Amino acid sequence: MVFVQCCYMWLIGILVSQVYCNIFRWEGGESITQVAAESITKNRISKSANNNPDAFEKMTVQELRTKLRSIGGSTKGLKRDLISALKKFFDEEVDGSREMLEDGESHEKGSKRKTESLCIEQHTEVTTTVSVDKRIKKRAKQTTKDLNITLESSKNTENCQKNGISEHEAEPWTVLAHKKPQKEWVAYNPRTMRPPALNGDIKHVKIMSWNVNGLRALLKLESFSALELAQREDFDVLCLQETKLQEKDVEAIKQRLLEGYDNSFWTCSVSKLGYSGTTIISRIPPLSVKYGLGIPDHDSEGRLVTTEFDSFYLISGYVPNSGDGLKRLSYRIIEWDPSLSNYIKELEKSKPVILTGDLNCAHEEIDIYNPAGNKRSAGFTIEERRSFEENFLKKGFVDTFRKQHPNVVGYTYWGFRHGGRKTNKGWRLDYFLVSESIAENVHDSYILPDVAGSDHCPIGLVLKL
């Protein structure tokens with residue numbers, strides 16, 4: 001008889017659980033039992049760690065990674081990174097929220113989340129309605145906080161509303177998107193942050209730079225016109241990187257690229273065809289032109305073009321990516337960066353230097369959406385950032401955008417894979433570095449995030465002469 005009663009109560013428990021799954025849902029589309037399941041899971045994790053983050057210090061790297069896998073956290077990094085990730089998880093657990101994301105992946109909350117039904121197939125009478133209600137309130141509070149960070153209101157919404165789209169969809173770069181924003185940081189908005197154009201009486205030069213990620217593919221896009229870009233921006237010089245051209249393609253491309261820019265200088269990769277490649281296109285004739293660094297080991301991939309003008313040298317550069325698994329990291333920081341640094345310092349002995357292009361390094365945490373998740377990703381390793389600092393900034397070259405906008409979050413690269421451009425989750429990899437002697441002559445250093453066609457966007461520099 002007792003056995004029958006137990007079975008009866010067990011069946012009643014399952015039925016009640018399923019009814020709750022189908023009826024009760026909170027505003028974000030998450031079932032009450034799903035919240036209960038997460039709460040139970042967290043309680044189990046908490047107990048297994050004895051709620052004592054200090055114990056993590058005594059765990060091995062393998063134990064730390066196992067623990068992180070059990071809570072869905074990233075297992076990449078050194079031991080201190082793993083400990084930091086676990087401590088962060090348990091700190092946030094106290095507040096009733098969790099946000100542990102994989103490298104650069106987005107995790108959307110709120111009304112856009114798909115409604116999913118998660119029924120607990122275990123006996124969970126201990127989970128009360130009161131505790132669930134508290135959990136819901138905490139979740140809702142945290143969701144509101146997250147949305148306030150990533151969905152800032154914008155003043156200019158009329159045109160977007162007329163077209164049936166939000167301001168954030170039309171200009172996603174105006175949204176402050178960052179995993180760990182500082183309170184003084186603001187999103188870059190070129191409509192409001194660029195200074196007025198210089199008076200025509202002030203002599204100056206306007207230079208643009210763009211990693212086009214394949215020039216032939218870009219020119220095939222119906223939505224792109226190099227001529228329209230030139231008319232809109234009225235630049236004097238255009239520097240391109242990652243053209244991916246072969247030498248046999250250059251003449252045909254030159255004929256149909258830009259009118260009025262009669263001076264163009266191209267270098268292509270000869271070690272790997274259809275790869276890398278840099279260009280300088282100018283309506284001002286240069287005094288001299290040089291290709292590469294003059295070092296055979298570095299010059300077979302077409303990564304550098306140098307033009308000499310009256311008052312400065314201009315270099316269009318495409319710095320090697322450290323690659324998957326960081327297989328070229330040593331080459332990058334031990335050979336390439338020091339060689340490039342020595343080269344530009346030698347040029348600087350005769351006149352100031354402007355180095356522009358895709359330098360493949362997000363220098364500071366403000367320059368990347370998810371710094372914690374990318375510590376061992378090419379372009380944001382400690383080694384690359386230190387090399388960037390030592391070989392360029394400490395050698396007297398000024399990051400013009402950061403000088404002009406010390407607290408502004410502005411990206412120049414958004415990977416195609418995860419649609420980062422739509423949510424402004426990107427990296428700042430493209431720069432104008434200038435000799436310290438002309439840094440004060442920079443009138444504007446800017447980003448054009450509205451120009452599509454590549455996974456990078458163009459950047460610009462206005463320099464008073």
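Residues numbered from 1 in each chain as written. Predicted model: local features only at pLDDT ≥ 70, side-chain atom pairs only at ≥ 80, totals over all residues. Heavy atoms only, no water.

Counting buried positions over the five residues of strand S4 (residues 263–267) gives five, a clear majority of the element. What you see with S4 is no split at all: Asn263, Phe265 and Thr267 on one side and Ser264 and Trp266 on the other are buried throughout. With five bridges connecting them, S4 and strand S5 (residues 278–282) associate as antiparallel partners. Directly across from Asn263, in S5, lies its bridge partner Ser282. (Buried < 20%, exposed > 50% of the residue type's maximum accessible area, 1.4 Å probe, protein only. Helix = DSSP H or I, 4+ residues; strand = E, 2+ residues; numbered from the N terminus. Pairing = 2+ DSSP bridges.)

With respect to the helices, strands and loops of the structure, Trp210 is situated in strand S2 (residues 204–211). C-alpha separation for the pair Trp210 and Thr243, spaced 33 residues apart in sequence, amounts to 9.8 Å. Dropping the residues within four chain positions of it, Trp210 is found in contact with Leu218, Phe224, Leu229, Cys239, Leu240, Gln241, Val451, Ala452, Ser454, His456, Cys457 and Pro458. (Contact = heavy atoms within 4.5 Å.)

Glancing now at the confidence of the model for the protein chain. Low-pLDDT portions of the prediction should not be read for the details of their coordinates. Scored by pLDDT, the protein chain has a mean of 78; 69% of the residues are at 70 or more. A low-confidence stretch, residues 16–51 stays under pLDDT 50, and its non-local contacts, those more than four residues away or across chains, total 69 contacts. This stretch, residues 92–158, has a pLDDT under 50; its non-local contacts, to residues over four places away or in other chains, come to 112 contacts. (pLDDT = per-residue confidence, 0-100.)

Before going further, it helps to examine helix H10 (residues 226–233). Among the residues of H10, Ala226, Leu229, Ala230 and Glu233 are the ones counted as buried. With its buried residues spanning 100° around the axis, H10 presents them on a single face. In H10, the exposed positions angled more than 90 degrees off the buried face are occupied by Glu228 and Gln231. For H10, the elements touching its buried residues are S2, helix H11 (250–257) and strand S13 (442–447). In the stretch just after H10, Asp234 is the one whose phi turns positive, near 50°. (Arc of directions from axis to C-beta.)

This part covers the packing of helix H13 (residues 329–348) against helix H14 (residues 382–393). At their nearest, the axes of H13 and H14 sit 9 Å apart, and the two run at 15° to each other. In terms of orientation, H13 lies roughly parallel with respect to H14. For the crossing formed where H13 meets H14, the hand is right-handed. Listed contacts from H14 to Leu329, Arg332, Ile333, Asp337, Pro338, Leu340, Ser341 and Ile344 of H13 are Glu383, Glu384, Ser387, Asn391 and Phe392. Looking at the contact of H13 with H14, its residues break down into six nonpolar, three polar and four charged. (Axes fitted to C-alpha atoms, helices over the stretch in contact; angles between N-to-C directions. Parallel < 35°, antiparallel > 145°, perpendicular 65-115°, else oblique. Left-handed = near helix turned anticlockwise from the far one by under 90°. Nonpolar A, V, L, I, M, F, W, Y, C, P; charged D, E, K, R; others polar.)

Taken as a whole and assessed by the stated rule, the structure comprises 25 salt bridges. Arg191 serves as the salt-bridge partner of Glu171, at 2.8 Å between the closest nitrogen and oxygen. In this pair, Glu171 is assigned in the loop between helix H7 (167–170) and strand S1 (186–187) and Arg191 in helix H8 (residues 190–193), connecting sequence segments 20 residues apart. By relative accessible area, which is 15% here, Glu171 ends up buried. Residue class for Arg191 comes out partly exposed when judged on its relative accessible area of 40%. For Arg332, the salt bridge identified is with Asp337, shortest N-O distance 3.3 Å. (Salt bridge = Lys/Arg side-chain N within 4 Å of Asp/Glu carboxyl O.)

In spatial order, the strands read S6-S7-S8-S9-S12-S10; together these six strands make up an open sheet with mixed pairing. Of all the strands in the sheet, the pair left with one neighbour each is strand S6 (288–291) and strand S10 (397–399). Adjacent strand axes in the sheet meet at a mean angle of 20°, parallel and antiparallel pairs treated alike. In the sheet, strand S9 (residues 353–358) pairs with strand S12 (residues 430–435) via five bridges, with the strands oriented antiparallel. Paired with Thr356 across the strands is Phe432, a residue of S12.

Among the secondary structure elements, Arg385 is positioned in helix H14. A relative accessible area of 21% means that Arg385 is categorised as partly exposed. Placed 21 residues apart in sequence, Arg385 and Glu364 show a C-alpha to C-alpha distance of 7.6 Å. A polar atom in the side chain of Arg385 sits 3.0 Å from the backbone oxygen of His363. (Polar contact = N/O pair within 3.5 Å; in protein donor to acceptor, adjacent residues only side chain to side chain.)

This part takes up the packing of aromatic side chains. Tallying each qualifying case throughout the model produces six aromatic pairs. Taking 5.3 Å as the distance between ring centres and 75° as the angle between the ring planes, the aromatic pair formed by Tyr188 and Phe401 counts as edge-to-face. Of this pair, Tyr188 sits in the loop between S1 and H8 while Phe401 is found in helix H15 (residues 400–404), placing the two residues 213 residues apart along the sequence. On the basis of relative accessibility, which here comes to 5%, the residue Phe401 falls in the buried class. (Phe/Tyr/Trp six-rings, centres within 6.5 Å; stacked < 30°, edge-to-face > 60°.)

Here we come to the sheet that holds strand S3 (residues 237–241). In space, the six strands of this open sheet follow the order S4-S5-S3-S2-S14-S13, with mixed pairing throughout. Every other strand in the sheet has two partners, leaving S4 and S13 as the edge strands with one partner each. Neighbour-to-neighbour, the strand axes of the sheet open up by a mean angle of 10°, direction not taken into account. Relative to S3, S2 runs parallel, the two being bridged by five bridges. For Ser209, the partnering residue across the bridge sits in S3 and is Cys239.

This part covers the side chain of Ser264. With respect to the helices and strands, the residue Ser264 is situated in strand S4. Within the local environment of Ser264, its side chain forms a polar contact with the side chain of Trp266, the two groups lying 2.9 Å apart. Leaving out residues up to four positions away in the same chain, Ser264 has contacts with Lys254, Ile280 and Ile281.

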